[in-house]
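Letter by letter, the chains look like this.
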Amino acid sequence: MIDIHCHVDFEQFNNDREEIIKRAKKKLSAIINSGTSIEGNERALNLSKQNPNFIYPTFGFHPVSSGQISDKDLNLSIDQMKNHMDEILAIGEVGMDYFYVKDKSERAKQAETFKKFIELANEYKKPLLIHARDCERKAFNIVKEYDDIPSVIFHCYSGSLKTAKKLIDEGYYTSISTMICYSKHHQDLFKEIPIENILTETDSPYLAPNREDRNEPSNVLYVASKLAEIKEESVDNIDKVTEKNAKNVFKI
């Protein structure tokens, strides 16, 4: 199995990061650690160098922060991505978040910033890892205008089935987190989404199967198990197909 989206670089893991990674290595074939800031991108890259062929980095800028990003930080972030394009698997996480961001001018800035990162993915032909919350359709309408992005992934997809079908029609991927363990919306949604369009993630340290706990990458096993249950398939088959999807998308 592969956890295609987590944040092992976050401070929540500062006391036991090596143990968390060891546990993940026993169950998973790879972890994709997504940067969410200029500093976080550096941490993600360092972690990948310390764990070659197991932890892979993506560089992003979190949408909740992107609504207030300065021109200086945006340029720094873009330059950072360009300078490490050969070392990262994807651009992301980037996107828009209407759940936390209510201010109209900040939402407009989010969209403007999102487009800059999309243009970069399109120019360099890199997969795009999208965070879209309460604005999935808007994010889709923006990204679908670009033709040279090899793969588009809506991470932790929580939108409607109607929008999911539009994503699938474009050949995009939806990623399901450990939320599927307790969220009926996600269970109903991913029962209908073809397994060929599904990737698995934890979004660690968030969204643990037991909601009060800290999440970790090895818990992606719970995602596969719940998917197998709702789709009435074997865990082995879910594991095989979603891992193949991830390897095809991220070229690992």
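Relevant structure appears above.
Scoring rules and cut-offs
- Residues numbered from 1 in each chain as written.
- Predicted model: local features only at pLDDT ≥ 70, side-chain atom pairs only at ≥ 80, totals over all residues.
- Heavy atoms only, no water.
- Helix = DSSP H or I, 4+ residues; strand = E, 2+ residues; numbered from the N terminus.
- Rg over C-alpha atoms; globule rule 2.2 N^0.38 Å.
- Buried < 20%, exposed > 50% of the residue type's maximum accessible area, 1.4 Å probe, protein only.
- Contact = heavy atoms within 4.5 Å.
- Areas by Shrake-Rupley, 256 points an atom, 1.4 Å probe, with all protein chains shown as cover.
- Lys, Arg positive; Asp, Glu negative; His and termini not counted.
- Charge placed at Lys NZ, Arg CZ, Asp CG, Glu CD.
- Salt bridge = Lys/Arg side-chain N within 4 Å of Asp/Glu carboxyl O.
- Pairing = 2+ DSSP bridges.
- Axes fitted to C-alpha atoms, helices over the stretch in contact; angles between N-to-C directions.
- Parallel < 35°, antiparallel > 145°, perpendicular 65-115°, else oblique.
- Left-handed = near helix turned anticlockwise from the far one by under 90°.
- Nonpolar A, V, L, I, M, F, W, Y, C, P; charged D, E, K, R; others polar.

Side note on the overall build of the chain
Item 1. When its secondary structure is counted, the chain shows 10 helices and 8 strands.
Item 2. On C-alpha atoms alone, the chain measures out to a radius of gyration of 17 Å, which is about the 18 Å that the 2.2 N^0.38 rule sets for 252 residues.
Item 3. For the chain, the spread of C-alpha atoms along the principal axes amounts to about 50 × 40 × 35 Å.
Item 4. In the chain, buried positions account for 60% of the 252 residues.
Item 5. Contacts in the chain between residues at least 24 apart in sequence constitute 73% of all its contacts with a sequence separation of at least 6.
Item 6. Working note: accessible area of the chain is about 11,500 Å², and carbon and sulfur atoms make up 43% of it.
Item 7. Distance between charge centres in the chain, computed from 35 positive and 41 negative side chains, equals 2 Å.

Comments concerning the pattern of salt bridges
Item 1. Tallied over the full model, the rule gives 9 salt bridges.
Item 2. In this structure, the salt-bridge partner of R23 is E216, at a minimum N-O distance of 2.9 Å. Residue R23 is found in helix α1 (residues 17-27), and its partner E216 is found in the loop between β8 (198-200) and α9 (220-231); the two are separated by 193 residues along the sequence.
Item 3. Look at E216 and you get buried, because its relative accessible area is 11%.
Item 4. For E112, the salt bridge identified is with K109, shortest N-O distance 4.0 Å. A residue pair is termed a helical-turn pair when its members lie 3 or 4 positions apart in one helix, as E112 and K109 do in helix α5 (residues 104-124) at 3 residues.
Item 5. What makes K109 buried here is its relative accessible area of 17%.

Here we look at the sheet that holds strand β5 (residues 128-133)
Strand pairing in a sheet takes place through backbone hydrogen bonds and is either antiparallel or parallel in direction.
Item 1. Across the sheet, 5 strands lie side by side as β4-β5-β6-β7-β8; this open sheet has parallel pairing. Each having just a single partner strand, β4 (91-97) and β8 make up the two edges of the open sheet. Taking each pair of neighbouring strands and ignoring which way they run, the sheet shows an average axis angle of 30°.
Item 2. In this sheet, β5 lies alongside β4 in parallel orientation, the contact comprising 5 bridges.

Describing the environment of K244
Item 1. Mapped onto the secondary structure, K244 falls in helix α10 (residues 235-250).
Item 2. The exposed category is assigned to K244, whose relative accessible area is 55%.
Item 3. Remark: the alpha-carbon pair of K244 and M1, spanning 243 residues in sequence, is separated by 9.1 Å.

With respect to the packing of helix α8 (residues 184-192) against α9
Item 1. Contact geometry of α8 with α9 gives a least axis separation of 9 Å together with a crossing angle of 65°. What the angle tells us is that α8 and α9 run roughly perpendicular. Remark: the crossing between α8 and α9 carries right-handed chirality. Facing α8, whose interface residues are Q187, F190, K191 and E192, α9 presents K226, L227, I230 and K231.
Item 2. Among the residues forming the contact of α8 with α9, the class breakdown is 3 nonpolar, 1 polar and 4 charged.

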